[in-house]
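Breakdown of the fold
Chain by chain, the residues run as shown.
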Amino acid sequence: MSHAVQDQRQRPVVTAPARRRAPLSHARMPRWAPAAIAAGSIAAGVGIGAAAGWESRTQWGMLSALIFVLATYAITTKVENSRQAKDRVATSLVWVCFVLAVVPLASLSWVTVSEGLEVLDGYFLTHSMNGVLDAETGGGVYHALLGTIEQVAIAAVIAAPIGMLTAIYLVEYGRGRLAQAVTFFVDVMTGVPSIVAGLFILATWNLMLGFGPSGFAGSMALAILMMPVVVRSTEEMLKLVPNELREASLALGVPKWKTILKVVLPTAIGGITTGVMLAIARITGETAPVLLLVFGTKLINPNPFEGAQASLPLYVYEQYAVGTDAAVARAWAAALVLIAFVMILNLVARGIARWKAPKTGR
């Protein structure tokens, strides 16, 4: 026993080689690296496109975007690691998609503003085309702007309450086959082309009931197009309201209709207003129903319930179809007025939504 213990004491102890500790911090690319990669990618894309004889700037941009994504992955993998490279590639794809979405919008806005400002002035906004030939200079857009305001306002008065009440029914009360049927028809109406809505009003209001062209007929067709958008947007906003708010109100003995009116709707008013404005923005630029039901005129018709009436989309279409320099300039100016009209409506809606939204904090 003593010999065994002595042998173990004399035997050399073999220790395992020390492991190399991984560094706690990895190499990081500087903050200016994405901008530098983007600049280099643009230069490479333009150079390759010019050398290849490509005349389309779109091809240059697509090639630059592809080079940017590939270069980001390669450089990040070399400097940092593959995990960070994948993360940066995902971020790069988001930025590329953002740029691809913004560039056409910015280009359209720039062209519309630059072309429309040549004719847009106080005279253009306060005069009609009465007594002015389409090929001549002069004239204005007042009659079309007045018609658009009246038609869109009537359509919103018809569609917004019906759409909001339908959404309230589907979220708060709807159960069973009736709710399923309403949801199905709302989905179907969402994809209805504008010309179909115009033909429906033309067949019922004009041909069957015998009414003539008017701004009100066009408003009814626009309301058909507006309703499903209002229903869907309002429905989604109401679903985002926490059920705890409803339960707390009902637990205090508040009736359900008053809970919806005083708790649910004020909580979702911001999203509901945005949805209504999106629906209004959609119908403001519709031309087919107006062409079928309103007909258009060069005169000022302030009565939307009787006689033909002009509108901005139809005015742009008619002036651009003439093809002369004066008519095309008026078309660009009317398009700019239409964009400004929609923008003003959105700003007003955001102000109302912020004003009516529930106050937070003490």
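No experiment lies behind these values; they were computed from the predicted model shown. All chains use their own residue numbering, which begins from 1 and follows the written sequence. Residue-level local features of this predicted model are given only where pLDDT is at least 70; pairs of side-chain atoms are given and counted only at 80 or more, and the full residue set underlies all totals for whole chains, interfaces and linings. Think of the side-chain values as coming from all heavy atoms in the structure, minus any hydrogens and water.

Some thoughts on the overall build of the protein
A tally of helices and strands in the protein yields 14 helices and zero strands. Numbered from the N terminus, helices here are DSSP runs of H or I no shorter than four residues, and strands are runs of E no shorter than two. Tracing the protein from N to C terminus, the helices and strands come up as α-α-α-α-α-α-α-α-α-α-α-α-α-α. Based on C-alpha atoms, the radius of gyration is set beside the globule rule, defined as 2.2 Å times the residue count to the power 0.38. For 362 residues, the compact-globule estimate of 2.2 N^0.38 gives 21 Å, and the protein exceeds it by more than 25% at 32 Å. Principal axes of the C-alpha set define a box for the protein whose edges measure 125 × 75 × 45 Å. Counting over 362 residues, the protein shows a buried share of 35%. Remark: exposure states derive from per-residue accessible area (1.4 Å probe, protein chains only) relative to the maximum for the residue type, with buried under 20%, exposed over 50%, and partly exposed in between.

Quick word on the UniProt feature "transmembrane region" (unreviewed entry) in the protein
UniProt positions are given in the numbering used here, feature names are shortened, and annotations may be inferred rather than shown by experiment. Here the UniProt feature "transmembrane region" (unreviewed entry) sits at residues 32–54, 60–77, 89–111, 152–171, 183–205, 211–231, 263–283 and 331–353. Split by type, residues 89–111 is 100% helix and 0% strand. Its first and last C-alpha atoms lie 33 Å apart. From the first C-alpha to the last, residues 211–231 spans 29 Å; its make-up is 81% helix and 0% strand.

Here's the deal with the UniProt feature "domain: ABC transmembrane type-1" (unreviewed entry) in the protein
Residues annotated by UniProt as "domain: ABC transmembrane type-1" (unreviewed entry) correspond here to residues 145–349. Segment residues 145–349 splits into 80% helix and 0% strand. End C-alpha atoms: 19 Å apart.

A closer look at the domain arrangement of the protein
Where each domain starts and ends follows an automatic or database-derived domain assignment. Taken domain by domain, the protein consists of domain 1 (32–118) and domain 2 (141–356). Between the C-alpha centres of domain 1 and domain 2 the distance comes to 37 Å. Should any heavy atoms of two residues lie within 4.5 Å, those residues are considered in contact. Contacts between the two partners involve six residues from domain 1 and, on the opposite side, five residues from domain 2. Taking both sides of the interface into account, the surface hidden between domain 1 and domain 2 amounts to around 510 Å²; carbon and sulfur atoms contribute 84%. Summed over both partners, the accessible area (1.4 Å probe) lost when two parts come together is defined as the buried area. Of all residues in domain 1, the largest losses of buried area upon contact with domain 2 belong to T112, E115 and G116, amounting jointly to 70% of the total for that side.

Observations concerning the packing of helix α2 (residues 33–52) against helix α3 (residues 57–79)
One can describe the packing of α2 onto α3 by two numbers: an axis separation of 8 Å at closest approach and a directional angle of 135°. For the element pair α2 / α3, the angle class is oblique. In this structure, the crossing between α2 and α3 has a hand that is right-handed. Residue-level contacts link P34, I37, A38, S41, I42, A44, G45, V46, I48, G49 and A50 of α2 to W60, L63, S64, I67, F68, A71, T72 and I75 of α3. When residues are sorted by character, Ala, Val, Leu, Ile, Met, Phe, Trp, Tyr, Cys and Pro go into the nonpolar class, Asp, Glu, Lys and Arg into the charged class, and all the rest, Gly among them, into the polar class. Split by residue class, the contact of α2 with α3 holds 14 nonpolar, five polar and no charged. Fitted lines through C-alpha atoms serve as axes, helices being fitted only where they are in contact, and the angles separating the N-to-C directions of these axes extend from 0 to 180 degrees. For classification purposes, an angle smaller than 35 degrees is called roughly parallel, one larger than 145 roughly antiparallel, one from 65 to 115 roughly perpendicular, and anything else oblique. By the definition used in this description, the sense in which the near helix is turned from the far one sets the handedness, with an anticlockwise turn below a right angle giving left-handed and a clockwise turn giving right-handed.

Regarding the packing of α3 against helix α4 (residues 82–116)
Contact pair α3 / α4: the axes reach a minimum separation of 8 Å and the direction vectors enclose 160°. Accordingly, the angle class assigned to the pair α3 and α4 is roughly antiparallel. The way α3 lies across α4 gives a crossing that is right-handed. For the pair formed by α3 and α4, the contact residues are M62, A65, F68, V69, T72, Y73, T76 and T77 on the first element and S82, Q84, A85, K86, R88, V89, S92, L93, V96 and L100 on the second. Its residues assigned to classes, the contact of α3 with α4 shows 10 nonpolar, six polar and two charged.

Let's talk about unusual backbone geometry
At F295, a position not held by glycine, the phi torsion is positive, near 75°. Topologically, F295 is positioned in the loop between α12 (288–293) and α13 (312–322).

As for the environment of G218
Topologically, G218 is positioned in helix α9 (residues 215–239). Residues in contact with G218, not counting those within four places in the same chain, are L293 and V294.

As for the nonpolar core
Counting residues in hydrophobic clusters, the biggest one holds 36 residues, and the most contacted among them are I201, M226, L238, I280 and I283. Those elements giving two or more residues to this core turn out to be α6 (142–173), α8 (194–208), α9 and α11 (256–284). Ranked by the residues each element gives to this core, the list is headed by α9, at 12 residues. Among residues more than four places away in sequence, those in contact with I201 are N206, A217, M220, A221, I224 and L293. Throughout, nonpolar core names a set of buried Ala, Val, Leu, Ile, Met, Phe, Trp, Tyr and Cys residues whose side chains join them through atoms within 4.5 Å. Within the second largest apolar cluster, 13 residues are counted, among which are F124, A144, L312 and Y315.

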